[in-house]
Amino acid sequence: MNRKKVILSIILLVVFVLAAIILPALWRSNNKKQVAQTARTESNTEKDSSGSEITALEFQNFDQLDDFFSNSQIRSLKAQCIAYLLTVEKGDLTSITFQPDQTSYPDKNIIHLVFDLSDDTSLPVTYSTPTGAFYFGEEQLKMEIDTTIYEQETDDSLPSLTTDEIEVQQEGGYADTKDNKEVQP
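The model shown is predicted, which means the values in this text are computed figures rather than measured ones.

Reading guide: rules and limits
- Residues numbered from 1 in each chain as written.
- Predicted model: local features only at pLDDT ≥ 70, side-chain atom pairs only at ≥ 80, totals over all residues.
- Heavy atoms only, no water.
- Helix = DSSP H or I, 4+ residues; strand = E, 2+ residues; numbered from the N terminus.
- Expected span 1.5 Å × (residues − 1).
- Core = buried A, V, L, I, M, F, W, Y, C linked by side-chain atoms within 4.5 Å.
- Buried < 20%, exposed > 50% of the residue type's maximum accessible area, 1.4 Å probe, protein only.
- Contact = heavy atoms within 4.5 Å.

Peer 1: I keep staring at helix 2 (residues 71-87) and nothing clicks. Help me out?
Peer 2: Every α-helical turn comprises 3.6 residues, leaving residues that sit three or four positions apart pointing alike. Helix length check: helix 2 (17 residues) gives 24 Å between terminal C-alpha atoms against 24 Å at 1.5 Å per residue, within 8%. Where helix 2 ends, the next residue or the one after it, Glu-89, has phi of about 60°, a positive value.

Have a look at this one:
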């Protein structure tokens, strides 16, 4: 191969390696910006399942809930807060502020959270870790938001076996000994 082709191939290889490093990083940063924008839009206007609307409701300090819950649990908590506030007829609030200093753990399975409302009242919320449910207010009201039922997938192509037949089967690989055992005298 001549020298020009070798140099050109090395330069082309460097360009491809740089593109493989830079382009995914740019895509990730762009994606994070879009997620942050949708989260801000989501916090400004929330709707409950009946179609009632609470406008300009701000969820303040909810980013500190990341220490306790996943993003999907935080979204569920926001939706359940709105449903609870509409249930107790406090739909005219403008903000809900999480108070991380007032968080307590009375039991290994329970987390007590406190939220300050814009009407200068507080909203106690209890989270039960075994059930994964939030209970609102002093009356410990559980809000049901998502009632999705997932169908269990089954594979009809698999044979139906009893437990005795399963116990007899080999777990994997090849047998260490042959099936025909002959006794040597």
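Peer 1: Sorry if this is basic, but what is going on with the nonpolar core here?
Peer 2: In summary, soluble globular proteins display a tendency toward joint burial of nonpolar side chains. Residues Phe-62, Leu-65, Leu-77, Ile-96, Phe-115 and Phe-136 are the most contacted members of the largest nonpolar core, which totals 25 residues. Going through the elements one at a time, helix 2, strand 4 (95-98), strand 6 (110-117), strand 7 (122-128) and strand 8 (133-136) are the ones with two or more residues in this core. Looking at this core element by element, the count peaks at seven residues for helix 2. What Leu-77 contacts, discounting residues up to four positions off in sequence, is Phe-62, Leu-65, Phe-115, Val-125, Phe-134 and Phe-136.

Peer 1: What's the story with unusual backbone geometry in this structure? I'm lost.
Peer 2: Glycine aside, residues mostly have negative phi, and peptide bonds are mostly found in the trans state. For Asp-120, which is not glycine, the phi torsion reads 65° and is therefore positive. Tracing the backbone shows Asp-120 in the loop between strand 6 and strand 7. Asp-120 sits in the exposed class, given a relative accessible area of 73%. With a phi angle near 55°, Gln-140 is a residue other than glycine that sits in the positive phi range. Assessed through its relative accessible area of 35%, Gln-140 is described here as partly exposed.

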